[in-house]
Amino acid sequence: MNIAARIMAAADGDEVLASASVVEELDQDTFTVRPRRNFRAKGTPRDLRVFRVVPRYTADG
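Fair warning: this is a prediction, and the values are worked out from it, not measured in the lab.

Calculation notes
- Residues numbered from 1 in each chain as written.
- Predicted model: local features only at pLDDT ≥ 70, side-chain atom pairs only at ≥ 80, totals over all residues.
- Heavy atoms only, no water.
- Helix = DSSP H or I, 4+ residues; strand = E, 2+ residues; numbered from the N terminus.
- Polar contact = N/O pair within 3.5 Å; in protein donor to acceptor, adjacent residues only side chain to side chain.
- Contact = heavy atoms within 4.5 Å.

A. Main features of the side chain of Glu 15. Tracing the backbone shows Glu 15 in the loop between α1 (2-10) and β1 (17-19). At 2.9 Å, the side chain of Glu 15 and the backbone nitrogen of Asp 12 are in polar contact. Among the polar contacts listed, one links the side chain of Glu 15 to the side chain of Arg 36, at a separation of 3.0 Å. Setting aside residues no more than four positions away along its own chain, Glu 15 makes contact with Ala 10, Arg 36 and Arg 52.

B. Examining the environment of Pro 55 more closely. Within the secondary structure, Pro 55 is located in strand β3 (residues 50-55). Along the backbone, Pro 55 and Gly 13 are 42 residues apart, and their C-alpha atoms lie at a distance of 16 Å. The contact partners of Pro 55, leaving out residues within four places of it in the chain, are Thr 30 and Phe 31.

This is the structure we're talking about:
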């Protein structure tokens, strides 16, 4: 839970960040996922991969 809180705190106001394990569970047709480069947060593993997640909107909403 601590790592999730640190990832959340590192996000900019208009940004959603997720770890690689969360991204693996996402429907790739529903979200655009881009790596967040040079992610560093105190108390997180050095090899932690973090991604910016953006919803893909359709004409239906």
